[in-house]
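Descriptive structure summary
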Amino acid sequence: MQPTRDIDRRADRSWADNAVRLIEADARRSADTHLLRVELPEWSRWRDGDAEVGIDLYLKDESTHPTGSLKHRLARSLFLYAICNGWITEGTPVIEASSGSTAVSEAYFAKLIGVPFIAVMTAGTSPAKTALIEREGGQCHFVQRAGEVYAEALRLEAERGGHFIDQFTMAERATDWRGNNNIAESIFAQMADEDHPIPTWIVVGAGTGGTSATLGRYLRYRRHPTWLCVVDPENSVFLPAFESGDGALTSDAGSRIEGIGRPRVEPSFVSQVIDRMIGVPDEASIATARCVTNRLGRRVGGSTGTNMWGAFSLVAEMVAQRRTGSVVTLLCDPGDRYSTTYFDDSWLAAQGFDLGPATAVLDEFLATGRWSG
Ligand SMILES: *Cc1c(COP(=O)(O)O)cnc(C)c1O
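These numbers were taken from a predicted model, which means no experiment stands behind them.

Now for helix α1 (residues 14-29). Under the 1.5 Å per step criterion, the end-to-end length of α1 is 22 Å for 16 residues, consistent within 8% with the ideal 22 Å. Within α1, the full set of buried residues consists of Trp15, Ala19, Ile23 and Asp26. Here the buried residues of α1 occupy an arc of 70 degrees about the axis, which is enough to place them on one side.

Shown next as structure tokens:
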């Protein structure tokens, strides 16, 4: 008889136990984000026999997370996933290829569990963004060209014995799509006592694609008849890839709507769970961000403008079909991050943006409920 083989790799798990506890404790201290009801004009209500019926529009305000955007959820999921996979252990430097909201949120969670965080970004990144990352205790590492960030993140991972947390690959799998208070479960719970608790449409943009993947899977899992619409800005390949089925498409130009639209079809973009895509011109996204800012009395970011342009067009479609129901979309991040861009007229002029035509579409929609966009 051969000797019994016994490979015993038991190791002390107290560091991981405590890191998970710290992240769970942070979630417990945090409140859920609000689901705001957006007031629509009178044309959104009509009589059907004796009943007054109509359309309700909701905006889930993801800007109220501790790190100010929907990336707070993603960063929490990515850290839990990496810790529970044994990829992040005591002292592991965490590396991300991002200068955006994800890096800000990841820096927050890295500090929370006491590991270093390095965001790899291009040298041109605005000081305001690097300041947000550094304020959360993160370190900014610069490369010359945008195309170099992934290779540099991988190089740092190898050199420092770190972990490249890689939002664009991991977003779709790190989030618990069946529930665990993910964004989908939260929306449906918050809608429970509304006139139309099961939305006709949910409208979101795609950056990693993680949010749309979670929502689309959840709709199927819970057998809700809700349709999922993904809105996409200019220069993004998500919509052309959705149309043609070609996952290898790339684009040379980058998206000008921060947080959404990508030059390659990211691994976390799950096109099979998307029911419809609407391409939104950048001028329309910005004009809508400004319009929504005026109506809500608080600044919203560009991708929220993209979402609301899509949501408005679907509301108009439902009005035209005399179809009652609700539409839900997201307020992804606050507009004060964009005071020197989308909310700055001289920046707009320098980009050659003319918000006139899009503003006219919005004015007509708000006045009549009709859509000419
Ligand atoms: C990331 C992001 C999105 C898109 O979310 P994903 O889940 O990554 O697709 C939208 N708006 C903003 C501001 C973002 O940062």
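For the ligand, the set of nearby residues contains 16 residues, the closest of which are Lys71, Gly207, Thr208, Thr211 and Ser303. A distance of 2.7 Å is found between an oxygen atom of the ligand and a backbone nitrogen or oxygen belonging to Gly207. Contact distances for the ligand include 2.9 Å between an oxygen atom and a backbone N or O atom of Gly209. For the ligand, whose unbound accessible area comes to 370 Å², protein coverage reaches 96%. Per-class residue counts for the shell around the ligand are 4 nonpolar, 9 polar and 3 charged.

This part takes up the sheet that holds strand β6 (residues 139-143). Spatial ordering of the open sheet is given by β6-β5-β4-β7, a layout of 4 strands whose pairing is parallel. The open sheet is flanked by β6 and β7 (163-164), the only strands paired with a single partner. Note: strand β5 (residues 117-122) against β6, 5 bridges, orientation parallel. Considered in β6, the bridge of Ile118 is made with Gln139.

With that out of the way, let us pick up the environment of His141. Following the sequence through the fold, His141 ends up in strand β6. For the pair formed by His141 and Ala123, sequence separation is 18 residues and the distance between their alpha carbons is 8.5 Å. What His141 contacts, discounting residues up to four positions off in sequence, is Ile118, Ala119, Val120, Met121, Glu152 and Leu156. Side-chain polar atoms of His141 contact the side chain of Glu152, separated by 2.7 Å.

On to the packing of helix α10 (residues 282-296) against helix α11 (residues 302-320), then. Two elements in contact, α10 and α11, have axes separated by 7 Å at closest approach and are oriented at 90 degrees. If you check the angle between α10 and α11, you find them roughly perpendicular. Listed contacts from α11 to Ala284, Ser285, Thr288, Ala289 and Val292 of α10 are Gly302, Gly305, Thr306, Met308, Trp309 and Phe312. Looking at the contact of α10 with α11 residue by residue, the class counts come to 6 nonpolar, 5 polar and no charged.

Let us now look at the nonpolar core. Ranked by size, the top nonpolar core spans 45 residues in total, and within it Leu57, Val203, Val315 and Val327 carry the most contacts. Counting residues per element, the ones that place at least two in this core are β3 (51-61), β8 (201-205), β9 (227-232), α10, α11, β11 (325-331) and α13 (356-368). Counting residues per element, this core draws most heavily on α11, which supplies 9 residues. Leaving out residues up to four positions away in the same chain, Val327 has contacts with Asp56, Leu57, Tyr58, Trp201, Val203, Ala311, Val315 and Met318. Ranked by size, the runner-up nonpolar core spans 29 residues in total, among them Ile83, Ile113, Ile165 and Ala174.

About the cut-offs
- Residues numbered from 1 in each chain as written.
- Predicted model: local features only at pLDDT ≥ 70, side-chain atom pairs only at ≥ 80, totals over all residues.
- Heavy atoms only, no water.
- Helix = DSSP H or I, 4+ residues; strand = E, 2+ residues; numbered from the N terminus.
- Expected span 1.5 Å × (residues − 1).
- Buried < 20%, exposed > 50% of the residue type's maximum accessible area, 1.4 Å probe, protein only.
- Arc of directions from axis to C-beta.
- Near = heavy atom within 4 Å.
- Polar contact = N/O pair within 3.5 Å; in protein donor to acceptor, adjacent residues only side chain to side chain.
- Areas by Shrake-Rupley, 256 points an atom, 1.4 Å probe, with all protein chains shown as cover.
- Nonpolar A, V, L, I, M, F, W, Y, C, P; charged D, E, K, R; others polar.
- Pairing = 2+ DSSP bridges.
- Contact = heavy atoms within 4.5 Å.
- Axes fitted to C-alpha atoms, helices over the stretch in contact; angles between N-to-C directions.
- Parallel < 35°, antiparallel > 145°, perpendicular 65-115°, else oblique.
- Core = buried A, V, L, I, M, F, W, Y, C linked by side-chain atoms within 4.5 Å.

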